[in-house]
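Listed here are the chains, written in short residue letters.
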Amino acid sequence: MGWFWADTATPPRSLAPQSLPSSDAAPPPGCPMHKATSTSPFPPQNSSRSPADASSCPISSPNAPLSPSTAKPSTLSKLNPLNYMPSNLSQSRSTNQIIALPTSRTTSSIPRGDAEANWEYPSPQQMYNAMLRKGYDDTPEDAVESMVAVHNFLNEGAWAEIEGWEARFSKGLGYGWQACSRGEEGFLDMPQWKGDRPRLMRFMGRPGDLTPKARMIEVLGRVWPSKFASELPFDRHDWYVQRTTPGGQTREVRYVIDYYSGPPEPTGEPVFYLDVRPAVDGPTAAAERMLRWGGDVWHRASGAKAREMRHEG
């Protein structure tokens, strides 16, 4: 999940999220592009379905090598510094490959932070080549297109969640309190934010680093298995997002995404759950979490829901 490549700047073109494929094929364990120390995907979770750390970017130019003066390029110098992914992975058919895989790439709905364009997803052929480079030489070739579709779908869902957070808090905590105190449904009746959209600056997969929340939920799952999931997420990403305030200032906000797998649908379609929230890098992010997660509780406790129902009646 979460990998985009930006070899060339492409014109902005937003596409609707792809539907989950009707296939038994599931994504490889975590993201093969990010996998370093992760384990295989975990068993189904009991958590609820969501509606759908790297250091600073090492250099300012998104596609320049990290070490241009090095005579023999290192592995790191071949990576796109925005996402630490190979920037020139071949579209050529691999040795012993039987099935011809598409080489076309889908443009996401996610704006890039370095250009007036959207991030691009890898083609099925690029993904297959990437998995081979990572040692996943037993990947069924006929499952790669489904894997790409699932990855793209999850990224679109994660971005939709991030936009929901930004719509509430890009105007500041005061507006965020007004929005969250109305509950999730009540927020939709408020005048919606019409400023600059957030932009994805860069991201990094951290499958081996559990978030504190994931650890806490896992412990609670052991104590209260009927209420909390006892399994750990199979992947974790940190996304760095550019937030634009009403005054035109921009700042970077880090979001944390935990990926959970669930029981497949009766049709065989895989099911995933995303837990998307701002990382607690300061008091503002902590306040945003408390306001968002406590909004529905406050809305009910204040009697607003009952008053709304009487008013509608």
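Cut-offs applied
Residues numbered from 1 in each chain as written. Predicted model: local features only at pLDDT ≥ 70, side-chain atom pairs only at ≥ 80, totals over all residues. Heavy atoms only, no water. Core = buried A, V, L, I, M, F, W, Y, C linked by side-chain atoms within 4.5 Å. Buried < 20%, exposed > 50% of the residue type's maximum accessible area, 1.4 Å probe, protein only. Helix = DSSP H or I, 4+ residues; strand = E, 2+ residues; numbered from the N terminus. Polar contact = N/O pair within 3.5 Å; in protein donor to acceptor, adjacent residues only side chain to side chain. Salt bridge = Lys/Arg side-chain N within 4 Å of Asp/Glu carboxyl O. Axes fitted to C-alpha atoms, helices over the stretch in contact; angles between N-to-C directions. Parallel < 35°, antiparallel > 145°, perpendicular 65-115°, else oblique. Contact = heavy atoms within 4.5 Å. Nonpolar A, V, L, I, M, F, W, Y, C, P; charged D, E, K, R; others polar. Arc of directions from axis to C-beta. Pairing = 2+ DSSP bridges. Expected span 1.5 Å × (residues − 1).

Please explain the nonpolar core as it appears in this structure.
Nonpolar side chains in soluble globular proteins generally cluster together in the buried interior. Ranked by size, the top nonpolar core spans 24 residues in total, and within it Leu200 and Trp239 carry the most contacts. For this core, the secondary-structure elements that each account for two or more residues are α2 (144-169), β5 (199-205), β6 (235-244), β7 (250-262) and β8 (271-278). With seven residues, the top contributor of residues to this core is α2. Counting residues in hydrophobic clusters, the runner-up holds nine residues, among them Tyr128, Tyr136, Val144 and Met147.

Got a minute to help me understand the side chain of serine 170 in this structure?
Positionally, serine 170 belongs in the loop between α2 and α3 (173-180). Within polar-contact distance, the side chain of serine 170 engages the backbone oxygen of glutamate 166 at 2.8 Å.

Where do I start with the pattern of salt bridges in this structure?
A side chain of one charge can pair with a side chain of the opposite charge if their charged atoms are brought near each other. Per the stated rule, a full pass over the model turns up 18 salt bridges. One salt bridge in this structure joins glutamate 163 and arginine 197, with 2.7 Å as the shortest N-O distance. Taken together, the positions of glutamate 163 in helix α2 and arginine 197 in the loop between α4 (183-187) and β5 put the pair 34 residues apart, joining distant regions of the chain. Relative accessible area serves as the criterion here: at 36%, arginine 197 is assigned to the partly exposed category. The residue arginine 206 makes a salt bridge to aspartate 209 at a minimum N-O spacing of 3.0 Å.

Just checking my understanding: could you explain the packing of α2 against helix α6 (residues 283-301) for this structure?
At a minimum axis distance of 11 Å, the contact between α2 and α6 shows a crossing angle of 100 degrees. In terms of axis orientation, α2 runs roughly perpendicular to α6. Contact residues: α2 offers Gly164, Trp165, Arg168 and Phe169, while α6 offers Glu288, Arg289, Leu291, Arg292 and Trp293. Looking at the contact of α2 with α6 residue by residue, the class counts come to four nonpolar, one polar and four charged.

Looking at this structure, how should I read α3?
Along an α-helix, residues three or four positions apart point the same way, because every turn accommodates 3.6 residues. Those residues of α3 not exposed but buried are Tyr175, Gly176, Ala179 and Cys180. Across the axial projection of α3, the buried residues extend over an arc of 125 degrees, all falling on one side. Contacts made by the buried residues of α3 are with α2, α4 and α6.

Please clarify how the sheet that holds β5 should be interpreted in this entry.
Across a sheet, strands are paired by hydrogen bonds formed along the backbone, either parallel or antiparallel in direction. Taken together, four strands build an open sheet; the order of strands is β5-β6-β7-β8 and the sheet is antiparallel. One side of each edge strand has no neighbouring strand; the edge strands of this open sheet are β5 and β8. Averaged over all pairs of adjacent strands, the angle between strand axes in this sheet comes to 25 degrees, irrespective of strand direction. Bridging between β6 and β7 involves ten bridges; their strand directions are antiparallel.

Is there a simple way to explain the packing of helix α1 (residues 124-133) against α2 in this structure?
How two helices sit against one another is set out by the angle between their axes and by the gap between those axes. For the pair α1 and α2, the least separation of the axes is 9 Å and the interaxial angle reads 100 degrees. Our classification of the angle between α1 and α2 gives roughly perpendicular. In contact with Pro124, Met127, Tyr128 and Met131 of α1, α2 contributes Val144, Glu145, Met147, Val148 and His151.

Would you mind going over the side chain of glutamine 242 with me for this structure?
Tracing the backbone through its elements, the reader meets glutamine 242 in strand β6. In this structure glutamine 242 touches Pro198, Arg199, Met201, Thr250 and Arg251, once residues within four positions along its chain are discounted.

Explain α2 here, please?
Between its first and last C-alpha, α2 extends 38 Å over 26 residues, near the 38 Å set by a 1.5 Å rise per residue. A large share of α2 lies buried, amounting to 22 of its 26 residues.

Mind showing me how you'd approach the pairing of β8 here?
On a regular strand, each side chain points to the face opposite its neighbour's, so the side chains alternate between the two faces of the sheet. Among the eight residues that make up β8, eight are buried, leaving the element largely enclosed by the rest of the structure. Residues Val271, Tyr273, Asp275 and Arg277 of β8 are buried on one face, and the alternating residues Phe272, Leu274, Val276 and Pro278, pointing to the opposite face, are buried as well. Bridge analysis of β7 against β8 gives eight bridges, and the strand direction is antiparallel. Opposite valine 256, over in β8, you have arginine 277 as the bridge partner.

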